[in-house]
Amino acid sequence: MQERFDGIVLFERKYKENDGLVKIFTEPFGTKMFFVKGLYRPNHKLRSQLLPLTYNRYIGTIHADGLSFLQEGETLNFFRQIQSDYLRQAYATYVTQLTDAALEDAEPNPAVYQILLGALEAINQDLDPAIITLHTELHLLKFFGIYWNWQGCLYCQVTDQALDISLRQQGLLCPRHFDKDAYRLHADPRAVFALRILASRPIGAIQRMDLSQATLAQMRRIVDEIYREYVGIRLRSKRYLEELKKSEALSQALLAKRKKNQ
Ligand SMILES: [Zn+2]
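Residues numbered from 1 in each chain as written. Predicted model: local features only at pLDDT ≥ 70, side-chain atom pairs only at ≥ 80, totals over all residues. Heavy atoms only, no water.

(A) Region of the structure containing the sheet that holds strand β4 (residues 55–61). Pairing is antiparallel in the open sheet, where five strands are placed in the order β3-β2-β1-β4-β5. Of all the strands in the sheet, just β3 (30–36) and β5 (69–77) have a single pairing partner and so form its edges. On average, each strand axis in the sheet is inclined to that of its neighbour by 40°, with strand direction left out of account. One ladder, built from seven bridges, connects strand β1 (residues 2–15) with β4; its direction is antiparallel. Bridge pairing in β4 places Q2 opposite T61. Packing of helix α2 (residues 86–102) onto the sheet brings it into contact with β1, β2 (19–26) and β3, and relative to β1 it is tilted by some 110°. Here helix α3 (residues 110–123) sits on the sheet and contacts β1, β2 and β4; the angle it forms with β1, its principal contact strand, is near 65°. (Pairing = 2+ DSSP bridges. Helix = DSSP H or I, 4+ residues; strand = E, 2+ residues; numbered from the N terminus. Axes fitted to C-alpha atoms, helices over the stretch in contact; angles between N-to-C directions. Contact = heavy atoms within 4.5 Å.)

So this is what it looks like as structure tokens:
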């Protein structure tokens, strides 16, 4: 039976000579793998609806097991900024791979679907993709089975102190309770505060957060620690993103130096 459904393209890969396998996170059926005959021949009619990191409406046949098939597609959002800016694309690819890792195949998950869609929409705008990515990582944690408590101190619930992170207790400590974890992270309280804001708000409420590069780097470090400790996956897209950021920083530094010498 033919179905009509919306979905986000996670990735595609070549299959045999000209055919393709495309993994789509569909709203009603979860992630499904589609077989697309002749995808890599010139002028395939669904080419632009099967590009990774696009959002589309499809008509197709869904099979419970094995491969599914598509007949028609219509673009809902091509995310042009993501497609044309390599740095935004690298962030979006990482966020998409991470989402895929958090999901069980072929199980609908409306909450995660909204997280990914919201993240791609936000990265496609003029917002800082580094902040959007942190937001997504925080909101995906519970789908990896990690219930982090960002409310306040785990022992006395205060919220108006310089709170630190306890990795092993999956939450926060106030100065009065720092002694509850000898291995607390000694994190920058500004970074913890900003992460608490990200964790408590939907993506639509994250507009321009004014964060220094130092605070952002601290937030990155904390989220990396949490993921290393509890999620334990290393995605290729994450390594690529880190290399990109390093080379960006390097070329910025070179540019600044050249300007100074002029
Ligand atoms: Zn406390």
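(B) Region of interest: the coordination of the zinc ion. Of the protein atoms, only C153 (SG), C156 (SG), C174 (SG) and H177 (ND1) coordinate the zinc ion, at distances of 2.1 to 2.4 Å. One can describe the site at the zinc ion as tetrahedral: its four donor atoms subtend angles covering 102 to 114° at the metal. Positions of the donor residues of the zinc ion, expressed as sequence spacing, correspond to C-x2-C-x17-C-x2-H. Here C153 is found in the loop between α4 (129–140) and β6 (164–166), whereas its partner C174 is found in the loop between β7 (171–173) and α5 (189–200), with 21 residues between them in sequence. The exposure classification of C153 matches that of C174, with both residues buried. (Donors = N, O, S within 2.8 Å, 3.2 Å for Na, K, Ca; no water. Tetrahedral: all angles 85-135°; square planar, octahedral: opposite > 155°, others 65-115°. Buried < 20%, exposed > 50% of the residue type's maximum accessible area, 1.4 Å probe, protein only.)

(C) Summary view of the packing of α4 against α5. Interhelical geometry of α4 versus α5 gives an angle of 65° and a closest axis separation of 9 Å. With respect to their mutual orientation, α4 and α5 come out roughly perpendicular. Where α4 crosses over α5, the two elements pack in a sense that is right-handed. Every residue of α5 that contacts α4 at I131, L134, H135, L138 and H139 is listed here: L195, L198 and A199. (Parallel < 35°, antiparallel > 145°, perpendicular 65-115°, else oblique. Left-handed = near helix turned anticlockwise from the far one by under 90°.)

(D) Structural detail: helix α6 (residues 213–230). Relative to the 26 Å expected for 18 residues at 1.5 Å per residue, α6 spans 26 Å between its end C-alpha atoms, a close match to the ideal helical length. T215, L216, M219, R220, I222, V223, D224, I226 and Y227 are the residues of α6 that are buried. The first or second residue beyond α6 is G232, which carries a positive phi of 65°. (Expected span 1.5 Å × (residues − 1).)

(E) Examining helix α7 (residues 236–261) more closely. If you check α7, its first and last C-alpha atoms are 38 Å apart, about what 26 residues at 1.5 Å a residue would give, namely 38 Å. When we look at burial in α7, the residues that qualify are S237, K238, L241 and L244. Those residues of α7 that are buried lie in contact with α2, α4 and α6.

(F) Region of interest: the pattern of salt bridges. Applying the stated criterion across every chain yields a total of 16 salt bridges. Across the pair E242 and R234 runs a salt bridge whose closest N-O atoms are separated by 3.5 Å. Look at R234 and you get exposed, because its relative accessible area is 51%. Connected through salt bridges with shared partners, the residues E137, R220, D224, R234, K238 and E242 form a single ionic network. (Salt bridge = Lys/Arg side-chain N within 4 Å of Asp/Glu carboxyl O.)

(G) View of unusual backbone geometry. Not every positive phi belongs to a glycine, and K16 is a case in point at roughly 55°. Secondary-structure assignment places K16 in the loop between β1 and β2. In this structure, L53 is a non-glycine residue whose phi angle is positive, near 65°. Within the element layout of this structure, L53 appears in the loop between β3 and β4. Owing to a relative accessible area of 3%, L53 belongs among the buried residues under this scheme.

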